[in-house]
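Examination of the molecular architecture
These are the residues of each chain, in order.
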Amino acid sequence: MFRSAVTVLLVLGAALAPSMASYGQELVYRFDPELGVPYNVSMTNEVRTQTQFQGMDLDVSMTIGMEQDAVFEAGSEDETVVGRYTFTSISAEMGGMPGLDEMPFDFNDLYQGIVGQTLTIVMSRSGEVVDFTGLVEAMEAMKDELDLPDEMKAVLSEGMGTMFGGGQIKDLVQQGVPFVPQAPLDTGDSWSHSVTVAGMTVDTTYTLGERSDGTALIDVNGDLGGDEEALFELPGVPEIPGVEITYEDLSGEYRGTYELDEATGLAVSYSLDMSMNVDMSMAMPQVEGQSPGVPPMSMSMSVQSTVEGELRRAE
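Our subject in this report is the structure included herewith. On a predicted model such as this, the values are computed, not experimentally measured, just so you know.

**A closer look at the packing of aromatic side chains**
Scanning the model with the defined rule gives five aromatic pairs in all. Pairing phenylalanine 72 with tyrosine 85 gives two aromatic rings, centres 6.2 Å apart and planes at 90 degrees, and the pair type is edge-to-face. Residue phenylalanine 72 is located in strand β4 (residues 56-74), and its partner tyrosine 85 is located in strand β5 (residues 80-95); the two are separated by 13 residues in the primary sequence. Like phenylalanine 72, the residue tyrosine 85 is buried in the burial classification. Taking 6.0 Å as the distance between ring centres and 20 degrees as the angle between the ring planes, the aromatic pair formed by tryptophan 191 and tyrosine 206 counts as stacked. Remark: tyrosine 206 occurs in strand β9 (residues 200-212) and tryptophan 191 occurs in strand β8 (residues 190-197); sequence separation between them is 15 residues. One exposure class covers both tryptophan 191 and tyrosine 206, and it is buried. One aromatic cluster is present, formed by Phe31, Tyr39, Phe72 and Tyr85 through successive ring pairs.

**Notes on the pairing of strand β6 (residues 118-124)**
Extensive coverage of β6 is indicated by the burial of six of its seven residues. Relative to β6, β5 is paired through seven bridges, and the arrangement is antiparallel. Along β6, the bridge assignment pairs threonine 80 with serine 124. With four bridges joining them, β6 and strand β7 (residues 129-133) adopt antiparallel strand pairing. Considered in β7, the bridge of methionine 123 is made with valine 129. The antiparallel hairpin formed by β6 and β7 contains four residues in its connecting segment, where glycine 127 sits at a positive phi of about 90 degrees.

**Concerning the pattern of salt bridges**
Per the counting criterion, the structure on display carries nine salt bridges. Across the pair glutamate 79 and arginine 30 runs a salt bridge whose closest N-O atoms are separated by 3.1 Å. With glutamate 79 in the loop between β4 and β5 and arginine 30 in the loop between β2 (26-29) and β3 (39-53), this residue pair connects regions lying 49 residues apart in the sequence. We classify glutamate 79 as partly exposed; its relative accessible area is 45%.

**Some points on the environment of alanine 138**
In this structure, alanine 138 sits in helix α3 (residues 135-144). What makes alanine 138 buried here is its relative accessible area of 0%. Separated by 23 residues in sequence, alanine 138 and valine 115 place their C-alpha atoms 8.5 Å apart. Setting aside residues no more than four positions away along its own chain, alanine 138 makes contact with Ile114, Gln117 and Leu119.

Rules used in this analysis
- Residues numbered from 1 in each chain as written.
- Predicted model: local features only at pLDDT ≥ 70, side-chain atom pairs only at ≥ 80, totals over all residues.
- Heavy atoms only, no water.
- Phe/Tyr/Trp six-rings, centres within 6.5 Å; stacked < 30°, edge-to-face > 60°.
- Helix = DSSP H or I, 4+ residues; strand = E, 2+ residues; numbered from the N terminus.
- Buried < 20%, exposed > 50% of the residue type's maximum accessible area, 1.4 Å probe, protein only.
- Pairing = 2+ DSSP bridges.
- Salt bridge = Lys/Arg side-chain N within 4 Å of Asp/Glu carboxyl O.
- Contact = heavy atoms within 4.5 Å.

Below, the structure written as structure tokens:
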């Protein structure tokens, strides 16, 4: 579930990149897509997760392909734009997970529940994410595809609430949108932006690259790290009664390029590579007056992800 959520966010972030209206030789930031014009969105995301736990190694891979229909309309407030993304197809392939063949459902059958669901994102003309809705409903629709007892579905719903609650999704979507200062920019100019979400800091440097035929390239270089004042939390990982989980030594980076249409600000193509490493410690709390319990267990995780996509006007 978490991988599919991250995939959706990467797609939205790339497709809703801010506008760079051209004035002479300089670019000026403005999000200004054509209203009422239908677009087709396509994306492929490859994820590999390597986990070490108590002497065991687990190497899981997953590839997700997705297509959406998108359209933009004027927002209810001045200087806002509403983008609506409707899933038209989705497929997934997974390998390396023990017991995958014995699961009571097929991942592709599970993902079919998202087809027909619509995600809605509201953005200001300055590129700020004002509101984001529809992802919880899409995840619920996926859950409803499963032939599981109601009790287990309730557990899944609680996990999705943890994953998508507290404004985390809005903040994560904002990370996916290239931040551009509201000032004229020349080719070669660089600027930085930093955000903190769920105890994870993302420091990013952007550089305006080559411009030609109405398009502009923006190179992205970002570093991930743990926030010293907040405990990092993996979205979607529920609390385990009686177990304390501590996340340590979080580090990572992401690199990529957006190709922006200067007239509308939409990313007509993009490619992003991300890697992240994190160590975890799981311990049973010591109960006063009782002998020491099970010693803490350690687990390390390494994640590599590549996402590529396009956005084109529908024919």
